[in-house]
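Working through the structure, step by step
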Amino acid sequence: MRFLTFILCWLAAFPLMAAENGTNDHVAVRNLANALPLVSGANDGTIAKVVATILERGHYLRQPFNDEISAKFLDRYLDSLDNLHIYFLQSDLKEFEQYRNSLDDLILKEGDLSPARVIFKRFRERVQQQYDYANEQLKNEKFKFDSDDKFVLNRKTLARPADLNEAKQFWRERLRYEYLQEKLNKEKPEEIVKIISRRYTRVLRAIMEYDNEDVLEIFLTALSRVYDPHSDYMGKSQLENFSIGMKLSLYGIGALLASEDGFCKIKELKPGPAQRSKKLKPNDRIVAVAQGNEAPVDVVDMKLNKVVELIRGPKGTEVKLTVIPGDATDPSARNVISLVREEIKLEDQEAKAKLYEGDVNGKTMRWGVIDLPSFYAGFDLEGKKTDGEQKSTTTDVAKLLKKLMEENVAGVVLDLRRNGGGSLEEAINLTGLFIPEGPVVQVRDSEGNKTVDRDRDPTMLYKGPLIVLTSRFSASASEILAGALQDYGRALIVGDSSTHGKGTVQSLIQLKPYMRQFGMPANQEPGALKVTIRKFYRASGASTQLKGVTPDIILPSVNNFLEVGESSLENPLPWDTIAAAPFDKLNMVEQYVDELKKRSDKRITSDKDFTYIKDDIERFKKTQAEKSVSLNESVRLKEKQEADERAKARKKELASRPEPKEKIWDITLKLAGSPGLPDPIAHTNLVKRADAGTSKNKKSAESKSARKNDKAEIKLTSHSETNSLDLAESKAKSSDEDDEDSEKSPAIDATLDETIHILTDYVNLSVAESKKALAGTTSAKK
């Protein structure tokens, strides 16, 4: 049996809240009376036994599943459901205490998962109670906001309510907070009631639609997370989505789908059969799905991931969709559309580049920026290469690099700010494009056995000035590459105060081979366990675990003060070091770092955009320190007015700036293989850029904490019932994020702008040193 070893970091939680669009009041509310039943599957107990046994014997810690783990497991499961401690009562905890030291015995000896269902059913009851209470309050209460009351945003460290009355107090304060938020946005009272009622209805529906497979996934993931933050149990849907994320392709029709009030709604069409048919469009609602000539299956009120399973299928097979057109005036209108499934490539998640051209001291200079969202690879879940063209991060980046080199760039920025990891092999191979052969990363297992993974190709595709741009969200494989290039002195690292700090290796272990031994049919999918098996270390011997990679030049950022990174997660493995692997340093950076820092600091001191960022940082730190928000309307209005005036002043200042003179070209992988360049990007009006950019910074500083806790209240560990795929969006957006994304114009990116300035200095300093060295050589010859 072959295991896949991927390095991944799940940096985002998946909230249950759907996009806040229209409603269909005729759709029945899913509640306790018609919730999906939680009936144990025939193989659930065996799956749990296998998962627990692998964790005991295969996890890096080699920690037995005993009473100590059982106690932590119970707490983790409760927090997976009720992260902000507002649902479960003290009486519930007392009742669940019987499981504290017995979950290990129940699972390992009996395969008994009844505690998972008992606790989840109680969770449903509490959510139903909150729903009923909230709607009663919305119907009868006249909310006033003239007191000095404050709402605590984050209750994660506070005690759960003593009884139902105290829980209702928490729920009421939460409701008042939500009501005031909408009131400050100038919504009318009747609209506020509709907005909030729909929100609670969606949360209730999502939780009542969780079936036994979902609960099993939450439960076993909670057990896995006791061992470390990156071990997970994946059910069938999650496993398939994981595979799609690695391959950047799927077999389907090319439609982005969302669950909205019981209907599966088309949100967007991507290149593929659905778009080419010209018979489907955004806002169409899918009400039935048929396979070829089989009878259609009604999908109204069906969970989104189940609908997706029906729409996806083998390449070349037919699927028939019955849809209600989005523009239909007659609600009984139905169209049946036949489509043939094909491979859909997720091109928007591939590596891409931008070419910048500008004037530097009277001379034209070009720079390349490569945006790499993940380390993807063309392998299926059994480690075999996929059919057709193989996706490879290294191949794609090499293609972009060659194009940039053809266009005579003076230097390159590799942007890993939103790269959370991926394939270990791709991280090693990509590093090899920039260094001669040598060790890239060291890996050690729980027995102390060490392996050195090397680049064995002595050639360097790109030898010029290189900056790796990182953030607090650059994780795992990103940290391997950044750490290696820093150790070799090959690239200058620029960005947030550190990267994420995930220095562990996971193996994706499919459970099918194990379950067949217990008689599970081959056509059933028991899922997989992603389990931490090793730790990785830089060539220098330092671990990136917890501490991450510290940039050579740190830029101001709100991210530096967020509660993010490995150290903010529960049960992270510790930081340590091992002996360095022998390697030859290239020394292309160190001699310039002090001067580059000095020049960057001088620019930042007088740079208006970084002045805005520093102001945002101070306000964010103040918000974090207060840990609560006022429920006094006058106070909040004053704060909002100050924020609006601040945003207006920023817009005015940005609008007064001259239009940028540089030219920018977008270079996709398709364009990289063609001669010449496309038309340059049209310069965006700076007023719009102000809306998209500085407004975004303002919201980051003032609202990020609140949004984070809004989401935390309604999340379950690894599920989303919002936007899913035939093609998928990974998560829903809060109202603030919708506002930010509504601007199609590119936001001002002060960090990238300063990085290009640093790159320019780096190029000039290295050129000056080369001329000096050449002059010295010539003089010596004379």
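Residues numbered from 1 in each chain as written. Predicted model: local features only at pLDDT ≥ 70, side-chain atom pairs only at ≥ 80, totals over all residues. Heavy atoms only, no water.

**Comments concerning the overall build of the chain**
Each helix and strand counted, the chain has 23 helices and 25 strands in total. By residue count, 54% of the 782 residues in the chain fall in the buried class. Residue pairs at least 24 apart in sequence account for 80% of intrachain contacts in the chain once pairs closer than 6 positions are excluded. As displayed, the chain offers around 34,200 Å² of accessible surface, 49% of which is attributable to carbon and sulfur atoms. (Helix = DSSP H or I, 4+ residues; strand = E, 2+ residues; numbered from the N terminus. Buried < 20%, exposed > 50% of the residue type's maximum accessible area, 1.4 Å probe, protein only. Contact = heavy atoms within 4.5 Å. Areas by Shrake-Rupley, 256 points an atom, 1.4 Å probe, with all protein chains shown as cover.)

**Brief notes about the packing of aromatic side chains**
This structure, assessed with the given rule, holds 16 aromatic pairs. Relative to Phe 219, the ring of Phe 73 lies with its centre 4.6 Å away and its plane at 40°, an arrangement referred to as tilted. Note that Phe 73 is positioned in helix α2 (residues 67-81) and Phe 219 in helix α8 (residues 212-227), a separation of 146 residues in sequence. Relative accessible area serves as the criterion here: at 0%, Phe 73 is assigned to the buried category. A centroid spacing of 5.5 Å and a plane angle of 85° characterise the contact between Tyr 87 and Phe 123, whose relative ring orientation is edge-to-face. Of this pair, Tyr 87 sits in the loop between α2 and α3 (90-96) while Phe 123 sits in helix α5 (residues 114-140); the two residues are 36 residues apart in sequence, bridging distant segments of the chain. Of the two residues, Tyr 87 and Phe 123, both sit in the buried class. Within the aromatic cluster, the residues linked to one another by ring pairs are Tyr 87, Phe 88, Phe 96, Phe 120, Phe 123 and Tyr 210. Lying over the aromatic face of Phe 263, Arg 285 brings its terminal NZ or CZ to 4.7 Å of the ring centre. (Phe/Tyr/Trp six-rings, centres within 6.5 Å; stacked < 30°, edge-to-face > 60°. Lys NZ or Arg CZ within 6 Å of the ring centre and 35° of its normal.)

**Observations concerning helix α14 (residues 477-487)**
α14 sits mainly inside the fold: 11 of its 11 residues count as buried. Burial in α14 covers these residues: Ala 477, Ser 478, Glu 479, Ile 480, Leu 481, Ala 482, Gly 483, Ala 484, Leu 485, Gln 486 and Asp 487.

**Some remarks on the pattern of salt bridges**
Summed over all chains, the structure comprises 61 salt bridges. A salt bridge links Arg 160 to Asp 82; the shortest N-O distance between them is 3.0 Å. Separated by 78 residues along the polypeptide, Arg 160 in the loop between β2 (150-152) and α6 (164-184) and Asp 82 in the loop between α2 and α3 bring together distant segments of the chain. The partner of Glu 213 in a salt bridge is Lys 306, and the shortest N-O contact between them spans 3.4 Å. Taken as a pair, Glu 213 in helix α8 and Lys 306 in helix α11 (residues 304-311) lie far apart in primary sequence, 93 residues in all. Overall, Lys 306 belongs to the partly exposed group, its relative accessible area being 22%. In the salt-bridge network here, residues are joined through shared partners; they are Glu 595, Lys 598, Arg 599, Arg 603, Glu 754 and Asp 761. (Salt bridge = Lys/Arg side-chain N within 4 Å of Asp/Glu carboxyl O.)

**Observations concerning the nonpolar core**
Residues Phe 73, Tyr 77, Ile 119, Phe 120, Phe 219 and Leu 511 are the most contacted members of the largest nonpolar core, which totals 75 residues. Beyond its immediate chain neighbours, meaning those up to four positions away, Phe 73 contacts Phe 65, Leu 103, Ile 107, Phe 219, Ala 222, Leu 223 and Val 226. The next biggest cluster of nonpolar side chains, apart from the first, holds 50 residues, and it includes Ile 244, Leu 416, Ile 435 and Ile 493. (Core = buried A, V, L, I, M, F, W, Y, C linked by side-chain atoms within 4.5 Å.)

**Considering the packing of α5 against α6**
Contact pair α5 / α6: the axes reach a minimum separation of 10 Å and the direction vectors enclose 55°. Judged by the angle between their axes, α5 and α6 are oblique. The two elements α5 and α6 cross, and the hand of that crossing is right-handed. Residues Arg 126, Gln 129, Gln 130, Tyr 133, Ala 134, Gln 137 and Leu 138 of α5 pack against Leu 164, Lys 168, Trp 171, Arg 172, Leu 175 and Tyr 179 of α6. (Axes fitted to C-alpha atoms, helices over the stretch in contact; angles between N-to-C directions. Parallel < 35°, antiparallel > 145°, perpendicular 65-115°, else oblique. Left-handed = near helix turned anticlockwise from the far one by under 90°.)

**Some thoughts on unusual backbone geometry**
Positive phi, close to 60°, is recorded for Lys 278, a residue that is not glycine. Positionally, Lys 278 belongs in the loop between α10 (273-277) and β7 (285-291). Its relative accessible area of 75% is what places Lys 278 among the exposed residues.

**Notes on the pairing of strand β16 (residues 438-445)**
For a regular strand, side-chain orientation follows a simple rule: the groups alternate between the two sheet faces. Most of β16 is tucked away: eight of the eight residues are buried. Across six bridges, the pairing between β16 and strand β17 (residues 450-455) is antiparallel. Residue pairing in the sheet places Val 441 in a bridge with Asp 453 of β17. What sits between β16 and β17 in their antiparallel hairpin is a turn of four residues, with Gly 448 showing a positive phi close to 90°. Relative to strand β21 (residues 528-538), β16 runs antiparallel, the two sharing five bridges. What sits directly across from Gln 442, in β21, is Tyr 537. (Pairing = 2+ DSSP bridges.)

**Structural notes on the sheet that holds strand β12 (residues 352-360)**
Read from one edge of the open sheet, seven strands run β22-β19-β18-β14-β13-β12-β24, paired in mixed fashion. The open sheet has two free edges, formed respectively by β22 (553-554) and β24 (663-667), since each of these has just one partner strand. As paired elements, strand β14 (residues 411-415) and strand β18 (residues 466-470) share four bridges and run parallel to each other. Its bridge partner lying in β18, Val 412 is registered against Leu 466. Its contacts with the sheet place α14 against β14, β18 and β19 (492-495), and it is angled at close to 140° to β18.

**What to know about the environment of Arg 198**
For Arg 198, the position within the fold is in helix α7 (residues 189-208). Considered as a pair, Arg 198 and Asp 261 are 63 residues apart in the sequence and their alpha carbons are 8.9 Å apart.

**Describing the packing of helix α13 (residues 424-431) against α14**
Between α13 and α14, the shortest axis-to-axis distance is 9 Å and the interhelical angle comes to 25°. In terms of axis orientation, α13 runs roughly parallel to α14. Considering how the two elements wind past one another, α13 and α14 form a crossing that is right-handed. Of the residues in α14, those touching α13 at Leu 424, Ala 427, Leu 430 and Thr 431 are Ala 477, Ile 480, Leu 481, Ala 484 and Leu 485.

**Let's talk about the confidence of the model for the chain**
Detailed reading of the predicted coordinates is not advisable wherever pLDDT falls low. Per-residue pLDDT for the chain averages 86, and the proportion of residues at 70 or more is 85%. This stretch, residues 1-27, has a pLDDT under 50; its non-local contacts, to residues over four places away or in other chains, come to 118 contacts. Every residue in residues 727-746 scores below 50 in pLDDT, and together they form 49 contacts with partners more than four places removed in sequence or on other chains. (pLDDT = per-residue confidence, 0-100.)

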